[in-house]
Amino acid sequence: MAPLTGARRVVVKIGSALLVDRVSGALRADWLRALSQDVAMLRQRGADVILVSSGSIALGRAVLGLARGDMPLERSQAAAAVGQIRLARAYEEVLAPHGITTAQVLVTLEDSTDRRRYLNSRATLETLLGMGVVPIVNENDTIATDEIRYGDNDRLAAQVAVTVGADLLVLLSDVDGFYTGNPADTPDARRFDVIDSITPEIEAMAGDAGSGLSKGGMKTKLLAAKMATAGGCAMVITEGSPDNPLKLLENGAASTLFTAQVDPQAARKRWIAAMKPRGEVVVDAGAAQALANGKSLLPAGVVAVTGRFGRGDPVAILGPDRERLGQGLSRYTAAEAGRIRGIRTGEIESVLGYPGRAALIHRDDMAL
């Protein structure tokens, strides 16, 4: 079965070399229009789609007349600032004819390592997807320093895929899969159709530094595969340069599929359950029953709050007899949770003085 068949949520990573002509620095507009047809195909069958796109620096460099090659950080950031506008507009223009709204989401490594920022990013992406929007995600090169950068969009795409619970990540590459060696150097190199486990032997085949065919580009793809599959998301590497690469993939184009190790929701629940709680919330019988039925925890069902925790921190959930029901990530600080415990959602703003989230702990951030 083609990996795209049946996928409910798909993250697609698009590299600069696919999007921007290497010689002229111009956008490959025809290719992008063809890709938009693929995105529309997935959206029409009900799948959520997120695009993780490189290209802002390459586009900005051409506009500013900067020479190709390594640039100082400040010049790269200036090029990104110019290019991001054009990149976002390009996606908007090709997807709008299909009735698809786009959104630009810029992130840095800090957004995934800081739990509060992680939850903010996740909530924003979930809200956009729920509204039928296709987010265009890129690293925020205009402000990121080397210390807070992903450094490559393969791993950024994997992080996004895990964050939103995607079941498939597609890396559109300059090579049609993962090989036993560099096909350019090794004529008998063999492409893997499926990789179920990333063993040390597989890692040794990734090569050293270079383009996508050798140890630099392919090694980052392998790191992305490890991140994605451990988080419950399958990953595919396939050739991206032909028109309609996703349609070609669905029709059996050459590729390598890295299978997911667990279900994405199960992986997330396991991650939450393994955290050390920073506090406790005690719920009443009605809330305990609602949780058992798969509902989120609302402030109205909370009777007591203990501990010192911030937004995004793990807290234990206790039942009426203080029996442990599970654990979840709080959407409020301990002080805020204490003030809104027992009140209805519509009263939160009047108590806190600012709008709050409906759930104290959302069901997606909870392991029972």
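A brief look at the structure comes next.

1. Regarding the sheet that holds strand S12 (residues 324-329)
In a beta sheet, neighbouring strands are held together by backbone hydrogen bonds and run either parallel or antiparallel to one another. One open sheet accounts for 5 strands, arranged S10-S9-S11-S12-S13; its pairing is mixed. The sheet is open, and its two borders are formed by strand S10 (302-307) and strand S13 (366-367), each paired with just one other strand. Note that S12 and S13 share 2 bridges and pair antiparallel. In the sheet register, Gly 328 faces S13, and the bridge partner there is Met 366. Relative to strand S9 (residues 279-283), helix H12 (residues 285-292) is tilted by about 105 degrees, and along the sheet it contacts S9, strand S11 (314-318), S12 and S13.

2. Remarks on the side chain of Arg 331
For Arg 331, the position within the fold is in the loop between S12 and helix H13 (334-340). Its relative accessible area of 17% is what places Arg 331 among the buried residues. In this structure, Arg 331 is in contact with Arg 311, Arg 357, Ala 359, Leu 360, His 362 and Asp 365, ignoring residues within four places of it in sequence.

3. A word on the pairing of strand S1 (residues 9-14)
With 6 of 6 residues buried, S1 lies mostly within the body of the structure. Side chains Arg 9, Val 11 and Lys 13 project from S1 onto one buried face, and the interleaved Val 10, Val 12 and Ile 14 project onto a second face that is buried too. Bridging between S1 and strand S2 (residues 48-53) involves 6 bridges; their strand directions are parallel. Note on S2: the bridge partner recorded for Ile 14 is Ser 53. Both S1 and strand S5 (residues 168-173) contribute to a ladder of 5 bridges, which runs parallel. Each bridged residue has a counterpart across the sheet, and for Ile 14 the counterpart in S5 is Leu 172.

4. Observations concerning the sheet that holds S5
Strand order in the open sheet formed by 8 strands is S3-S4-S2-S1-S5-S7-S8-S6, with mixed pairing between adjacent strands. Of all strands in the sheet, those with a lone pairing partner are strand S3 (102-107) and strand S6 (194-195), marking the two edges. Pairing between S5 and strand S7 (residues 234-239): 6 bridges, direction parallel. Bridge assignment links Leu 169 to a residue of S7, and that residue is Met 235. Contacts from helix H2 (residues 29-44) reach S1, S2, strand S4 (134-139) and S5, with the element oriented near 150 degrees to S2. Helix-sheet contacts for helix H4 (residues 73-95) involve S1, S2, S3 and S4, and the interaxial angle to S3 is about 150 degrees.

5. Some thoughts on the nonpolar core
Core analysis: the largest hydrophobic core is formed by 38 residues, its most contacted members being Val 11, Leu 169, Phe 178 and Phe 258. Within the residue set of this core, elements represented by two or more residues are S2, S3, helix H6 (115-130), helix H7 (153-163), S5, helix H9 (215-230) and S7. Setting aside anything within four residues of it in sequence, one finds Phe 258 in contact with Phe 178, Ile 195, Ile 198, Leu 222, Ala 225, Thr 229, Ala 234, Met 235 and Ile 237. One finds Ile 14, Met 41, Leu 172 and Leu 246 within the second-largest nonpolar core, a separate group that totals 35 residues.

6. So, empty space enclosed by the protein
Scanning the model with the defined rule gives 2 cavities of 30 Å³ or more in all. In this structure, the second largest cavity occupies an estimated 40 Å³ of space. Taken together, Leu 119, Arg 122, Ala 123, Arg 311, Arg 331, Arg 357 and Asp 365 make up the full set of residues lining the second largest cavity. Each residue belonging to the lining of the second largest cavity can be placed in one class, and the counts come to 2 nonpolar, no polar and 5 charged.

7. Some details on the packing of aromatic side chains
Where two aromatic rings form a pair, the distance of their centres and the angle of their planes describe that pair. Scanning the model with the defined rule gives 2 aromatic pairs in all. Between Phe 178 and Phe 192 the ring centres are 6.1 Å apart and the planes differ by 40 degrees, which places this aromatic pair in the tilted class. Within this pair, whereas Phe 178 is found in the loop between S5 and S6, its partner Phe 192 is found in the loop between S5 and S6, the two being separated by 14 residues in sequence. Residue classification places Phe 178 among the buried positions, given a relative accessible area of 0%. For Phe 192, a relative accessible area of 12% puts it in the buried group. Here Phe 178 and Phe 258 contribute two aromatic rings whose centre-to-centre distance is 6.3 Å and whose plane-to-plane angle is 75 degrees, an arrangement assigned as edge-to-face. With Phe 178 in the loop between S5 and S6 and Phe 258 in strand S8 (residues 255-258), the pair connects residues that are 80 residues apart, well separated along the chain. Both residues of the pair, Phe 178 and Phe 258, count as buried. Among the aromatic residues, those joined into a cluster by ring pairs are Phe 178, Phe 192 and Phe 258. It is Arg 190 that lies over the ring of Phe 192; its NZ or CZ is 4.8 Å from the centre.

Each value, and the rule that gives it
- Along each chain, numbering runs from 1 in the same order as the chain's sequence is written.
- Local features in this predicted model are restricted to residues of pLDDT 70 or higher, and side-chain atom pairs are both shown and tallied only at a pLDDT of 80 or more, whereas totals for entire chains, interfaces and linings draw on every residue.
- Side-chain numbers come from the whole structure's heavy atoms, not from hydrogens or water.
- Strand pairing is defined by DSSP finding a minimum of two bridges between the two strands.
- Secondary structure is summarised from DSSP: a helix means a run of H or I of at least four residues, a strand means a run of E of at least two, and numbering begins at the N terminus for each.
- Two residues qualify as a contact provided that any one of their heavy atoms is within 4.5 Å of a heavy atom in the partner residue.
- Working convention: axes come from line fits to C-alpha atoms, limited for helices to the stretch in contact. Angles between N-to-C directions cover 0 to 180 degrees.
- The cut-offs for exposure are 20% and 50% of the maximum accessible area for each residue type, with area from a 1.4 Å probe on protein chains only; residues under the lower value are buried, those over the upper are exposed, and the others partly exposed.
- Throughout, nonpolar core names a set of buried Ala, Val, Leu, Ile, Met, Phe, Trp, Tyr and Cys residues whose side chains join them through atoms within 4.5 Å.
- Here the term cavity refers to a set of points on a 1 Å grid, laid over the protein atoms alone, in which a 1.4 Å probe fits but cannot get out; the term pocket refers to an open set having protein on both sides within 12 Å along at least five of seven lines, with lining residues being those that place an atom within 4 Å of a point.
- Grid points are joined across faces, edges and corners, and a volume is the space filled by probe spheres set on the points.
- Each residue is assigned to one class: nonpolar for Ala, Val, Leu, Ile, Met, Phe, Trp, Tyr, Cys and Pro, charged for Asp, Glu, Lys and Arg, and polar for all the others, Gly among them.
- Paired rings are identified among Phe, Tyr and Trp, the last through its six-membered ring, by centres lying within 6.5 Å, and are further divided according to the angle between planes into stacked (under 30 degrees), edge-to-face (over 60) and tilted (the rest).
- Placement of a charge over a ring requires the Lys NZ or Arg CZ to be within 6 Å of the ring centre, with the centre-to-atom vector within 35 degrees of the ring normal.

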